[in-house]
Each structure stands twice: as C-alpha cells, then as structure tokens.
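If you want the building blocks of each chain, they are given just below.
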Amino acid sequence: SSNSSSSASSFVLVWLINVTVIITAMSRRKATHAGSWYTDDESELDSQLSTWLNDAGDVTMPKARAIIGPHAGYSYSGPTAGFAYKQIDPEGVQRVFVLGPSHCIYLDACALTTRSVYETPLGNLNVDKDIVASLRETKLFEMMDKKAEEDEHSLEMHLPFIAKVMSGHPIKIVPILVGSLNAEAEEVYGEVLAPYLDDPSNLFVVSSDFCHWGRRFNYNYIEEGHEHIYQSIEAVDKRGIKLIEEQNTKGFKKYLKETHNTICGRHPIAILMHALDTMDERRKTVKFLHYAQSNKCMKKGDSSVSYAAGVVVVE
C-alpha cells in the first residue's frame, strides 16, 4: 500500500507540474510575428535595431514622454521607428504603455491583456498587473480575446525596440488594444490615461502607420497639384502630421473626415491628443522627425504604406 500511495503522490505531482506548465504558457503572449515580420535570431535582431538607432543620428528631442511609430515589417518600417526610439532616455522610466489599433477583431472600446508576460527574442517583458487592474476598475476596458491578441501585430512590432532601448532597466508594460472608437470615447480614454502620461516614470508608445494607398487598401485619394501620386500621398500625410504637431485635436478629426486618410492608428493617436489636451498645466511639444513610404506610387495600380516617427516631450 506504501507503493500505491507513492504512485498516487507521483501522479498528483506530475499533474500539478503539467497544470503549472499549461497555466504559465497561457499567461505568456508569444512573439508570433518573430521569424516572419522580423528576425527571430536574437543577435541579428539586436544588430539591426542598433543600426537603425545609430542611423537616426543625434538625439534631438531628449526625454520623450511619448512616441508615435510604425508597426510594419522591420525591413519596411524599422529605419523610421529608429528615429522615435532614439529619443527615449530609459533613466527613470518604470513602465511603458503601448497603444495599438486592432486589426484582427472589431472592437468599439479599448481592451487590456490577461497575460503576465509578452515574449520577445531579446527577452521577456512583464505586464504591470497592478496598472491593468486599476484600469479595469474604471469599467471602460474590455479584456483582449486571446487569439486576437496572438494574431495582432500592432503591439508586438514595438516590443523588440522597447526591450532594446530599455535594456538594463527593469520596466513593465501596459499593452492596450484600441478599437474603432467614436469621438466621445477617444476623449474619455484620453482623460483616463492623462494622469499616467503626466507621470515622468511612464512612457507612451503609440503604434500607427500612416497612409495605406492603392486598390488593395481600397483608398486612392489623389490631391490636385502634384506631379506624382506619391507626392500627393506625402502632402496629405503631412497635413495630418502638422495637425498632430499643433495638437489640434478637432482639426485632426476634421482632416480625417475630409480626406478619409487610412491612418490605421488614428484612434490611438486621438487618445494621445486628448490626453495632452487634459494636461493643460504642462508645456508640451510634439514633433515628427522622419517620414518614409514603402514604395513611390507613380500609377493607379501601385500601392504603398507610409511611416512616420513622432515624439512628445512634456515639461
């Protein structure tokens, strides 16, 4: 009978280990786009990120409180993202809020993660469960669908850059998936997140590409007065960028209505702009440092995606 009790104990132990392994796996969000949208080789990825950060030149907007950066495959958007991440000083930063648009499922709210860890090839990033719990208490946030969270790229594409620039500084992340919000919801979320943006121990990363032009994106708006299509795309993008720099929240909304520009992170950007509006005691500067297109469109059958690197400094 001692044999049977030890067998039972062994069985229970194995079962507990298996359950623990399963729960641990479920509480991690895997780097699902590593090996396709960017390399899953740690040293190669580290080297690429170093190159893009170095190529961005000198720091021109020190101590960024927030950045706006692209989320396409790194071969397209990595160099542009480097300009935004170059402005981050990791000293004193304790957590990074990452706001990205939902591409995989329809949401009319913002959603928080149930995971504890987000994996990257450069090391894991722990989720700030306390902040997630505080935000959840507002009753304004949904929780992310696990499959949609795995499939979504808008948050993941920023994590290796965050792991790189924060290397040696233990930080936690607060991933927020942003749905197709109406103007009122954008303002509400901006007000909720403003106190966090106002805190210098927090950094905000807003994930957005700019114009998606061409038949495959169902967008072929051409502004008159330009010799080539790509020049029109740049002019339209830069009108939006100027409004963001001017912190003209209403003007940006009006511009999107007029041009229907396919800025996929327009809702996360609007949340950031409303948060800045709420912080009216502070001196805030918003500046874009780099702009690029994946392809120069010359004819109507062409397509391209635009990328821009923006930085917010709060004094």
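Residues numbered from 1 in each chain as written. Predicted model: local features only at pLDDT ≥ 70, side-chain atom pairs only at ≥ 80, totals over all residues. Heavy atoms only, no water.

1. A look at the pattern of salt bridges
Counted under the stated rule, the structure contains 13 salt bridges. Measuring nitrogen to oxygen at the nearest pair gives 2.7 Å for the salt bridge that ties Lys238 to Glu234. In this pair, Lys238 and Glu234 both sit in helix H8 (residues 229–245), four residues apart, roughly one turn of the helix. A relative accessible area of 38% means that Lys238 is categorised as partly exposed. A residue is classified by how much of its surface remains accessible, and Glu234, at 27% relative accessible area, is partly exposed. (Salt bridge = Lys/Arg side-chain N within 4 Å of Asp/Glu carboxyl O. Helix = DSSP H or I, 4+ residues; strand = E, 2+ residues; numbered from the N terminus. Buried < 20%, exposed > 50% of the residue type's maximum accessible area, 1.4 Å probe, protein only.)

2. Points about the layout of surface pockets
In this structure, the largest pocket spans a volume of roughly 210 Å³. Around the largest pocket, the lining comprises 15 residues; the ones closest to its centre are Pro101, Ser102, Ser180, Cys264 and Arg266. (1 Å grid on protein atoms, 1.4 Å probe; cavity = no way out; pocket = protein on both sides within 12 Å on 5 of 7 lines; lining within 4 Å. Points joined across faces, edges and corners; volume = space filled by probe spheres on them.)

3. Quick look at the confidence of the model for the chain
Chain-level statistics for the chain give a pLDDT mean of 90 and a share of 89% at 70 or above. Taken as a whole, residues 19–24 scores under 50 in pLDDT and shows zero contacts with residues more than four places along the chain or in a different chain. (pLDDT = per-residue confidence, 0-100. Contact = heavy atoms within 4.5 Å.)

4. Considering the environment of Asn295
Within the fold, Asn295 resides in the loop between strand S11 (284–293) and strand S12 (304–314). Given the relative accessible area of 34%, Asn295 is considered partly exposed. In the structure, Asn295 is positioned 10 residues away from Val305 in sequence and 7.3 Å away in space, judged by C-alpha atoms. If we ignore the near neighbours within four places in the chain, the residues touching Asn295 are Asp302, Ser303 and Ser304.

5. Details of the pairing of strand S9 (residues 202–207)
A regular strand carries its side chains on alternate faces of the sheet. The buried fraction of S9 is high, at six of six residues. Residue alternation in S9 divides its side chains into two sets, Asn202, Phe204 and Val206 and Leu203, Val205 and Ser207, and both sets are buried. The pairing of strand S2 (residues 66–69) with S9 spans four bridges and is classified as parallel. Bridging across to S9, Ala66 finds its partner in Phe204. Where strand S3 (residues 95–101) lies against S9, five bridges are found, and the strand directions are parallel. Opposite Leu99, over in S9, you have Val206 as the bridge partner. (Pairing = 2+ DSSP bridges.)

6. Observations concerning the packing of helix H2 (residues 42–55) against helix H3 (residues 74–85)
For the pair H2 and H3, the least separation of the axes is 7 Å and the interaxial angle reads 55°. By the criterion of interaxial angle, the relationship of H2 to H3 is oblique. Crossing hand, H2 versus H3: right-handed. Counting all contacts with H2, which are made through Leu45, Leu49, Trp52, Leu53 and Asp55, the residues of H3 involved are Tyr74, Gly78, Pro79, Gly82, Phe83 and Tyr85. Split by residue class, the contact of H2 with H3 holds eight nonpolar, two polar and one charged. (Axes fitted to C-alpha atoms, helices over the stretch in contact; angles between N-to-C directions. Parallel < 35°, antiparallel > 145°, perpendicular 65-115°, else oblique. Left-handed = near helix turned anticlockwise from the far one by under 90°. Nonpolar A, V, L, I, M, F, W, Y, C, P; charged D, E, K, R; others polar.)

7. Focus on unusual backbone geometry
Within the chain, Lys63 stands out as a residue other than glycine whose phi angle is a positive 60°. Relative to the helices and strands, Lys63 is located in the loop between H2 and S2. For Asn218, which is not glycine, the phi torsion reads 60° and is therefore positive. Here Asn218 shows up in the loop between strand S10 (212–213) and H8.

8. Brief notes about helix H7 (residues 183–197)
Given a rise of 1.5 Å per residue, 15 residues ought to cover 21 Å, and the 20 Å separating the end C-alpha atoms of H7 matches this to within 8%. Helix geometry: H7 is bent most strongly at Glu191, by close to 30°, with proline Pro195 lying one to four residues after it. Inspection of H7 places Ala185, Glu186, Tyr189, Gly190, Leu193, Ala194, Tyr196 and Leu197 among the buried residues, and these make up the whole buried set. Near the N-terminus of H7, the side chain that reaches the backbone nitrogen of Glu184, with its oxygen 3.2 Å away, is that of Asn182. (Expected span 1.5 Å × (residues − 1). Bend = angle between axes of the 7 residues up to and from the residue. Polar contact = N/O pair within 3.5 Å; in protein donor to acceptor, adjacent residues only side chain to side chain.)

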